[in-house]
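In case you want the letters, here they are:
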Amino acid sequence: MSIYFFLFFLLSLSKAQDDCSTPKTCSDHGPPIHFPFRLKNHHPLHCGCPGFDLSCSPNNTTTVLDLPNSVKVLVTHIDYKSRMIQIKDPHSCFPQKLQNLNLSATSFQFANFTYNFSLFSCPSTKPDFSYRVTCFRGDGPEVYAERGEVSVYYQDDPPLMLSCRKMYNLLVPIEAFHQADLQLKWHQRVEGHDLEIACVTLGSFLLLVIFIAMYWFYRQKKIKRKDHLKIERFLEDYRALKPARYSYADIKKITNQFKDKVGQGGYGTVYKGQLSNDVYVAVKILNSTKGNGEEFINEVGIIGTIHHVNVVRLVGYCADGFRRALIYEFLPNDSLEKFALSDRDKRLLGWKKLLEIAMGIAKGIEYLHQGCDQQILHFDIKPHNILLDENLNPKITDFGLAKLCSKEQSVVSMTTARGTIGYIAPEVFSRNFGNVSYKSDIYSFGMLLLEMVGGKKNFDVMVNSTNQIYFPEWIYNCLDSGEELGIHIQDEGDAKIAKKLAIVGLWCIQWYPVDRPSMHGVIQMLDGDGDTLIKPPNPFASTNPTLATGQASGRPFNSELEVIVESE
């Protein structure tokens with residue numbers, strides 16, 4: 001009797017698994033729906049993951065995704081390999097549909113960069129806005145959108161200034177204003193509770209099988225092993241989407257007892273590790289004698305919650321007693337510092353690749369400044385903190401000195417200067433130069449660009465005849481006089497790229513933050529034609545060209561200037 005009951009259980013279990021694994025659709029042309037999604041009224045309740053429920057429209061022709069605040073969108077395509085879904089507004093007006101959307105409580109986020117837009121209702125006469133939103137229904141005033149947080153729109157014509165009314169703010173990709181479809185990517189939160197129950201139940205029956213038939217025992221053991229391997233592969237795919245916590249014993253196992261040391265820094269030692277057969281990681285063992293834990297908190301609290309192609313991925317962390325460690329994705333090509341300082345390595349990369357790297361870094365910084373819920377200021381942008389993956393794509397790392405602030409906050413308070421000598425913006429030392437803001441990262445990025453061009457440490461000096469000249473000032477003088485930069489150039493296209501990088505870098509290192517461009521402006525300059533770039537004002541005109549070794553910039557800082565005080 002027991003064998004028949006067991007066989008009935010296996011058949012029931014198999015049928016329940018088939019009900020979950022069989023793809024469902026709302027129509028012949030709709031996307032196939034299976035794990036981690038669940039189609040309501042078609043899949044059992046235990047199928048799929050929380051927050052991944054889809055439903056069919058009343059006429060069963062379209063697939064609907066319910067987002068927070070009663071926002072309903074149509075799902076036209078699901079790419080399970082890249083974890084992307086394509087959504088469509090039935091009325092083709094995302095700026096109106098998404099006005100109440102908040103994705104922070106969901107497992108989804110926009111695949112493209114998001115920006116804060118202010119929407120205005122204006123008279124028919126077209127003001128000078130960035131975007132005109134033509135999809136709003138009705139015969140009322142025109143609707144326009146402007147990048148950034150704008151409370152009142154000012155126009156030279158007084159009547160227009162008073163007639164434009166702000167409607168609401170919108171955090172969406174730019175594509176929402178001129179595309180019928182948008183893409184969402186998901187970062188799946190798998191709780192696995194039902195799966196654990198199923199495994200325990202199956203294990204219990206396997207114990208019964210031992211007394212019934214050895215044949216069934218070995219067969220079920222084989223099936224369980226296959227299921228375990230499938231689950232392990234699944235968890236490896238999603239492991240990095242939410243940092244996992246490891247014990248110190250796990251860290252020793254991952255690093256093979258700290259066998260392969262790959263780096264040493266002021267805050268600790270980095271070892272190469274391995275999570276599985278084909279997943280390698282970099283494990284940073286933090287020095288317990290340095291700092292008060294602020295770097296550890298910053299890394300886990302900031303980088304652990306963001307995902308961008310140009311920001312290094314935090315896989316996990318360890319906080320085991322006084323032992324702390326951070327686990328990152330392993331990037332095999334070292335840091336940008338290796339290529340920026342070596343003319344030979346720079347020639348191997350080529351100037352086109354250097355421009356691509358500069359653009360990738362700029363996009364990563366712009367994401368930190370504008371693409372997250374809060375503005376992230378890095379405060380330590382330098383070649384050493386730019387890692388390169390197997391395709392030489394740049395990734396920003398080391399958020400130990402970073403600060404979080406509101407996007408509307410234009411001034412950042414600080415108690416002490418932070419950063420690396422040679423890359424620190426003047427205002428970080430003294431309020432005489434202006435307020436600390438996201439423009440401080442722009443300055444550091446400008447110094448990085450100049451170092452990429454010349455291959456010289458930006459706080460070193462160059463000897464020209466008998467005079468010692470600050471290196472960025474030497475680049476400016478070369479551009480100003482039409483002289484060659486004295487760097488390895490293979491063709492005219494390379495010369496244009498080097499000049500473009502130098503001009504953009506000089507714009508970024510203007511002494512006063514108000515004179516520096518935003519990172520969005522930097523990206524436009526890097527992406528545009530270098531021939532149209534205007535050389536910036538000379539930031540060294542009023543400085544002493546002689547630079548003592550170890551100074552942070554061409555203008556000496558007065559140690560007696562008032563320190564910026566951080567408010568509580």
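What counts and what doesn't
- Residues numbered from 1 in each chain as written.
- Predicted model: local features only at pLDDT ≥ 70, side-chain atom pairs only at ≥ 80, totals over all residues.
- Heavy atoms only, no water.
- Helix = DSSP H or I, 4+ residues; strand = E, 2+ residues; numbered from the N terminus.
- Buried < 20%, exposed > 50% of the residue type's maximum accessible area, 1.4 Å probe, protein only.
- Contact = heavy atoms within 4.5 Å.
- Areas by Shrake-Rupley, 256 points an atom, 1.4 Å probe, with all protein chains shown as cover.
- Core = buried A, V, L, I, M, F, W, Y, C linked by side-chain atoms within 4.5 Å.
- pLDDT = per-residue confidence, 0-100.
- Phe/Tyr/Trp six-rings, centres within 6.5 Å; stacked < 30°, edge-to-face > 60°.
- Pairing = 2+ DSSP bridges.
- Axes fitted to C-alpha atoms, helices over the stretch in contact; angles between N-to-C directions.
- Parallel < 35°, antiparallel > 145°, perpendicular 65-115°, else oblique.
- Left-handed = near helix turned anticlockwise from the far one by under 90°.
- Nonpolar A, V, L, I, M, F, W, Y, C, P; charged D, E, K, R; others polar.
- Salt bridge = Lys/Arg side-chain N within 4 Å of Asp/Glu carboxyl O.
- Disulfide = S-S within 2.5 Å.
- Polar contact = N/O pair within 3.5 Å; in protein donor to acceptor, adjacent residues only side chain to side chain.

Q: When you look at the overall build of the protein chain in this model, what are you seeing that I'm missing?
A: What the protein chain contains, in helices and strands, is 15 helices and 23 strands. Relative to its 568 residues, the protein chain shows a buried fraction of 45%. Considering only contacts in the protein chain between residues 6 or more positions apart, those separated by 24 or more positions represent 67%. Roughly 29,300 Å² of accessible area belongs to the protein chain as shown, and the carbon and sulfur atoms make up 51% of that amount.

Q: Help me understand the nonpolar core in this model?
A: In terms of nonpolar packing, the biggest core is built from 75 residues, with F399, F445, L501 and L526 touching the most fellow members. Excluding residues within four positions of it along the chain, F399 makes contact with N298, E299, I302, I303, V311, L368, I376 and H378.

Q: Hey, could you run me through the confidence of the model for the protein chain in this one?
A: Scored by pLDDT, the protein chain comes out at a mean of 76, with 71% of its residues at no less than 70. Confidence drops under pLDDT 50 across residues 1-11; counting only partners more than four residues distant or on other chains, this segment forms 13 contacts. Scored below 50 in pLDDT, residues 190-204 makes 8 contacts in the model with residues more than four places away or belonging to other chains.

Q: Help me understand the packing of aromatic side chains, please; the structure alone is not making it clear to me.
A: Aromatic ring pairs are defined here through the distance separating the ring centres and the angle between the ring planes. Taken as a whole and judged by the stated rule, the model has 15 aromatic pairs. Centroid distance F37 to W186: 5.0 Å. Interplanar angle 90 degrees. Geometry classified as edge-to-face. One end of the pair, F37, is in the loop between α1 (2-21) and β1 (38-39); the other, W186, is in strand β11 (residues 181-186), with 149 residues separating them in the sequence. Side by side, F37 and W186 carry an identical accessibility label, which is buried. Note on F113 and Y367: the rings are 6.3 Å apart at their centroids and 40 degrees apart in plane angle, and the pair reads as tilted. In this pair, F113 is assigned in the loop between β6 (108-110) and β7 (115-122) and Y367 in helix α10 (residues 351-371), connecting sequence segments 254 residues apart. The class of F113 is partly exposed, set by a relative accessible area of 27%. Within the aromatic cluster, the residues linked to one another by ring pairs are F37, F52, Y80, F108 and W186.

Q: Please clarify how the sheet that holds strand β14 (residues 268-276) should be interpreted in this entry.
A: In sheet architecture, strand pairing relies on hydrogen bonds along the backbone and comes in two forms, parallel and antiparallel. A sheet is described by the order of its strands in space; here 6 strands give the open sequence β12-β16-β17-β15-β14-β13, paired in mixed fashion. Edge strands, defined here as strands with exactly one partner in the open sheet, are β12 (244-246) and β13 (261-265). Strand-to-strand twist in this sheet, taken as the mean axis angle between neighbours without regard to direction, amounts to 30 degrees. Relative to strand β17 (residues 323-329), strand β16 (residues 314-320) runs antiparallel, the two being bridged by 6 bridges. In the strand pairing of β17, L314 is matched with Y328.

Q: How should I be thinking about the pairing of strand β9 (residues 142-147) in this particular structure?
A: Residues in a regular strand project their side chains so that they alternate between the two faces of the sheet. With 6 bridges joining them, β7 and β9 adopt antiparallel strand pairing. Opposite S121, over in β9, you have V143 as the bridge partner. In this sheet, β9 lies alongside strand β8 (residues 131-133) in antiparallel orientation, the contact comprising 3 bridges. Of the residues in β9, the one forming a bridge with Y131 is A145.

Q: I would appreciate a short explanation of the packing of α10 against helix α15 (residues 519-527) in the present structure.
A: Two measures define how a pair of helices packs: the angle their axes make with one another and the distance between the axes. Between α10 and α15, the least distance of the axes is 9 Å, while the angle of their chain directions is 160 degrees. With respect to α15, the element α10 is oriented roughly antiparallel. Helix-helix and strand crossings are classified by hand; for α10 and α15 the assignment is left-handed. Each of L355, A358, M359, A362, K363, I365 and E366 in α10 lies in contact with α15, whose residues at this interface are M519, H520, I523, L526 and D527. Its residues assigned to classes, the contact of α10 with α15 comprises 8 nonpolar, 1 polar and 3 charged.

Q: What is the right way to look at the pattern of salt bridges in this model?
A: Between side chains of opposite charge, a pair can form when the charged atoms approach closely. In the structure shown here, the tally under the stated rule is 9 salt bridges. A salt bridge links D380 to K382, with the shortest nitrogen-to-oxygen separation between them at 3.9 Å. With respect to class, D380 is no different from K382; both count as buried. Residue R516 is joined to E427 by a salt bridge in which the shortest nitrogen-to-oxygen separation is 2.8 Å. Of this pair, R516 sits in the loop between α14 (492-508) and α15 while E427 sits in helix α11 (residues 426-429); the two residues are 89 residues apart in sequence, bridging distant segments of the chain. Side by side, R516 and E427 carry an identical accessibility label, which is buried.

Q: Got a minute to help me understand the state of the cysteines in this structure?
A: Disulfide: a covalent bond connecting the sulfur atoms of a pair of cysteines. Counted by the stated rule, this structure contains 3 disulfides. A sulfur-sulfur separation of 2.0 Å characterises the disulfide bridge that pairs C26 with C56. Its S-S torsion of approximately -90 degrees makes the covalent link between C26 and C56 left-handed. Of this pair, C26 sits in the loop between α1 and β1 while C56 sits in strand β2 (residues 53-56), and the two are 30 residues apart along the sequence. Each disulfide pairs two cysteine sulfurs, and for C93 the partner residue is C135, the sulfurs being separated by 2.1 Å.

Q: Explain the pairing of strand β5 (residues 84-88) to me, please; I cannot follow it from the model alone.
A: Burial along β5 is one-sided: the face carrying I85 and I87 is buried and the face carrying M84, Q86 and K88 is not. With 5 bridges connecting them, strand β4 (residues 71-79) and β5 associate as antiparallel partners. For I78, the partnering residue across the bridge sits in β5 and is I85. What sits between the antiparallel neighbours β4 and β5 is a turn of 4 residues, in which R83 has the positive phi angle 55 degrees. Here β5 runs beside β11; their pairing, made up of 5 bridges, is antiparallel. Bridge pairing links Q86 to Q183 in β11.

Q: Mind showing me how you'd approach the side chain of H369 here?
A: Tracing the backbone through its elements, the reader meets H369 in helix α10. A relative accessible area of 3% places H369 in the buried class. A distance of 3.0 Å separates polar atoms of two side chains, one belonging to H369 and the other to D441. Residues within four places of H369 in sequence aside, it is in contact with Q375, I376, L377, K407, Y438, D441 and I442.

Q: Would you take a moment to explain the sheet that holds strand β3 (residues 63-67) for this structure?
A: In spatial order, the strands read β1-β2-β3-β4-β5-β11-β6; together these 7 strands make up an open sheet with mixed pairing. Edge strands, defined here as strands with exactly one partner in the open sheet, are β1 and β6. In this structure, β1 lies alongside β2, joined through 2 bridges in parallel fashion. Note that in β2 the partner of R38 across the bridge is D53.

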